[in-house]
Amino acid sequence: MEVLRRYEPIVEDFEAFRAACERSLPSVVRVNTLKTTVERAREALAEEDISHEPTGWHDGVLKLPEGDPGSNWPYIQGWLHGQEEVSALPPLVLDPQPGERVWDAAAAPGSKTTQLAALMDDEGLLVATDNNLGRLSALRSNAERLGVTNLAVTNEDARNHSLKPFDGKSYDRALVDVPCSCEGTIRKNPDALEQWTFEHVQGVAGVQKGILRRAIEATRKGGTVVYSTCTFAPEENEAVLDSALEKHPCRLVEVELPLQSRPGVTEWEDESFDPNVRKARRIYPHFNDTGGFFVAKLEVTE
Amino acid sequence: MTDSDRDGDTNAPENDSERFDRLPETEAEREVPGRPTREAVLDFWADRFGVPPETFDDHTFWERGSGKIWAFCGDLPSPVEIEALGMTFLRTRQEHWKPTLEAVQRFGGHAEKNVIHLSRDESRRFLAGEDQEPAWDGDWGYLIVTHNLAGEREPLGVGLYVYDELRSQVPKGRRRNL
C-alpha cells in the first residue's frame with residue numbers, strides 16, 4: 001500500500017482513496033447478449049436464488065454480492081462472464097459496430113474481447129492478439145463458451161502484429177488495453193503491489209508505447225484507438241499518450257463515461273505532458289466504489 | 001470416413017495441422033483427400049438435427065488438424081496461419097460426426113430432431129459427466145441435449161445415446177457439479 005503514497009499529489013481526498021483500496025470488491029458479471037437478453041439472464045439467476053443487482057450505470061453489468069459467478073446454469077449456458085466492473089468501460093468507449101474490422105491488441109484472457117464481439121453482434125472481423133499462449137487458451141475457452149464466431153486469434157508480440165493473414169487491410173478500431181503494473185486491481189488482488197518496482201513501471205511503459213504505436217499504424221485514417229490500463233502510474237498513462245501525440249499521427253478526443261472520473265494529469269514529478277492528455281479519464285476507487293482505471297480515446301489522423 | 005481414406009493417395013496434398021484451410025464447397029473442388037466439404041457439413045446438420053443450411057450462410061468452415069472443423073463468421077484468404085479462427089464446431093475424423101458443445105449451444109436452438117430434453121436433475125448429472133438412462137425411443141448416436149432455463153428450452157451440449165444409455169460428452173474442462 002505504501003506504493004500508493006506517491007499519488008498523494010494527484011488524488012483528491014487521498015485518505016478516502018487509501019481506505020477504498022483496502023476494501024474488497026463484489027463479484028461482477030457481464031451479460032453476454034450474443035446468447036441471451038439481460039432480462040432472461042436475470043430470470044435464470046433468480047431461478048437459482050442468486051442475489052444480483054445491476055450496477056447503476058449499465059443494465060447488463062450485474063453485481064453478485066455473494067458467491068461464485070462461475071457455478072450456476074446461466075454461466076454454463078454462456079450467458080454470463082465474470083468481469084471487473086471498470087473493465088467493461090474500454091469496449092464501450094471504443095464502440096465497435098457490426099461489420100467493422102477491430103483489433104484487440106493485448107487480448108487475453110478475453111473479457112474485453114468477448115464484450116467487443118457482443119457489441120459487434122458477432123459480425124465483422126475481430127482480431128485478438130496476445131503473446132502468452134497459456135493466457136490465449138483461457139481467451140479461446142471464454143470466447144467459445146460465450147459463442148463468439150467472428151474472432152481470429154494470433155499469438156505474437158503485438159508490437160510486431162502482422163496484417164498479412166487479414167488481407168493486409170487496416171482496422172477501423174483498435175483496443176490497446178495494455179499489460180501494466182495493475183495498481184488499480186488492488187481491491188481484487190491484495191498482493192498486486194507486492195512485486196511493484198519503479199524499474200518494472202519503466203520497462204512496461206516501453207512495451208505500452210510500442211503496442212500503442214503499432215495500433216495507430218494498423219488503424220485507418222479517421223479510425224479510433226482506445227488506450228487503457230488498470231494502473232494509476234502517470235508513467236504508464238499520460239506519459240505514453242504524450243509520446244504517441246508527439247511521434248505518431250493521432251489526436252486525443254473527449255471521452256464521456258457513465259462513471260465519475262477525473263481528467264488526465266498534465267504535471268507529474270518533474271515532467272509535464274501535452275495539455276490534451278486532460279481528455280483522458282482517470283477512475284479512482286473511492287468515487288464509484290470500483291477498481292482503478294485509466295482510459296483515453298484517440299483518432300488516427302493519417 | 002476413416003483414417004485409411006486419407007492415406008490412400010500419397011501424392012495428394014495433405015492436411016496441415018498448423019494452419020486453417022477453408023473447406024471446399026463440393027467434392028468436385030476438393031484437393032485434399034478425405035477433407036469434408038461445406039456441402040457435407042451443411043447436410044450433416046440438416047439431416048441429423050434438422051438445422052436449416054441457411055443458419056450458416058454467414059459462416060465459413062475451416063479444417064485445422066485432421067477432422068477438426070471450425071466455423072468462422074466471415075471469410076479470409078485460405079490458408080490462414082494463426083492460433084484460432086472462429087469456434088471449434090465439428091469433429092469429422094470418426095465414422096459418426098460429432099458437433100462440439102459450443103456449436104450446439106450456439107446453433108442447436110434451430111434443431112428439430114435427435115434432440116433429447118432433460119429434467120433439472122438429469123441435466124445436472126449430464127453436466128457432471130455422468131451416464132444415465134433417460135427415456136428415449138429415437139435413433140442411437142449423437143443427440144443434442146436441451147434443458148429448461150429461464151422459461152425456455154436451451155441447448156446444453158452433446159450426448160451419445162447407445163445401448164439404452166445417454167453418455168455425457170461434456171468435455172472434462174466444462175464439467176461442473178452444480
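Residues numbered from 1 in each chain as written. Chains lettered and ligands numbered in written order. Predicted model: local features only at pLDDT ≥ 70, side-chain atom pairs only at ≥ 80, totals over all residues. Heavy atoms only, no water.

A few words now on the interface of chain B and chain A. Each side of the interface is counted separately: chain B has 35 residues, and chain A has 35 residues. Summed over both sides, the interface of chain B with chain A buries roughly 2,900 Å², with 56% coming from carbon and sulfur. In this structure, the connection of chain B to chain A is made through three salt bridges. When the shortest N-O distance is used, the salt bridge between glutamate 154 of chain B and arginine 40 of chain A registers 2.8 Å. Across the contact surface, chain B and chain A share 16 residue pairs in polar contact (both at pLDDT 80 or more). Elements with a contribution of two residues or more to the side of chain B that touches chain A: β3 (68-73), β4 (84-85), β5 (87-91), α3 (101-107), α4 (120-127), β8 (141-149) and β9 (152-162) of chain B. The residue inventory of the side of chain B that touches chain A, partitioned by class, reads 18 nonpolar, seven polar and ten charged. (Contact = heavy atoms within 4.5 Å. Buried area = accessible area lost by both parts, 1.4 Å probe. Salt bridge = Lys/Arg side-chain N within 4 Å of Asp/Glu carboxyl O. Polar contact = N/O pair within 3.5 Å; in protein donor to acceptor, adjacent residues only side chain to side chain. Helix = DSSP H or I, 4+ residues; strand = E, 2+ residues; numbered from the N terminus. Nonpolar A, V, L, I, M, F, W, Y, C, P; charged D, E, K, R; others polar.)

With the rule as written, the count across this model stands at 22 aromatic pairs over all chains. Look at tyrosine 7 of chain A and tryptophan 268 of chain A: their rings are 5.7 Å apart centre to centre, the planes differ by 25°, and that puts the pair in the stacked class. Pair noted here: tyrosine 7 of chain A is in the segment before α1 (14-21) and tryptophan 268 of chain A is in strand β12 (residues 267-268), with a separation of 261 residues, a long-range link. No difference in accessibility class separates tyrosine 7 of chain A from tryptophan 268 of chain A, as the two residues are buried. Both rings, one in phenylalanine 56 of chain B and one in phenylalanine 61 of chain B, keep their centres 5.9 Å apart while their planes meet at 65°; by these two values the pair is edge-to-face. Each of the two residues, phenylalanine 56 of chain B as well as phenylalanine 61 of chain B, counts as buried. (Phe/Tyr/Trp six-rings, centres within 6.5 Å; stacked < 30°, edge-to-face > 60°. Buried < 20%, exposed > 50% of the residue type's maximum accessible area, 1.4 Å probe, protein only.)

So, on to the confidence of the model for chain B. Averaged over every residue, the pLDDT of chain B is 92; the share at 70 or more is 92%. Below a pLDDT of 50 lies the segment residues 1-10 of chain B, which in the model reaches 16 contacts outside its immediate sequence neighbourhood of four places, other chains included. (pLDDT = per-residue confidence, 0-100.)

A separate point is the pairing of β3 of chain B. Residue and element names in this part refer to chain B. Among the six residues that make up β3, five are buried, leaving the element largely enclosed by the rest of the structure. Linking strand β2 (residues 59-63) to β3, which pair antiparallel, is a turn of four residues; within it glycine 65 sits at a positive phi near 80°. In terms of strand pairing, β3 meets β5 through four bridges, oriented antiparallel. Across the sheet, the residue bridging to alanine 71 is methionine 87, located in β5. (Pairing = 2+ DSSP bridges.)

Here we come to the layout of surface pockets. All names here are of chain A. In this model, the largest pocket occupies a volume close to 890 Å³. Lining the largest pocket are 39 residues, with Ala108, Pro109, Arg135, Asp177 and Val178 positioned closest to its centre. Where the lining of the largest pocket is concerned, the elements lending two or more residues are α5 (111-119), β6 (125-130) and α7 (198-218). Per-element tally for the lining of the largest pocket: the top contributor is α7, with three residues. Of the residues contributing to the lining of the largest pocket, the split by class is 16 nonpolar, 13 polar and ten charged. (1 Å grid on protein atoms, 1.4 Å probe; cavity = no way out; pocket = protein on both sides within 12 Å on 5 of 7 lines; lining within 4 Å. Points joined across faces, edges and corners; volume = space filled by probe spheres on them.)

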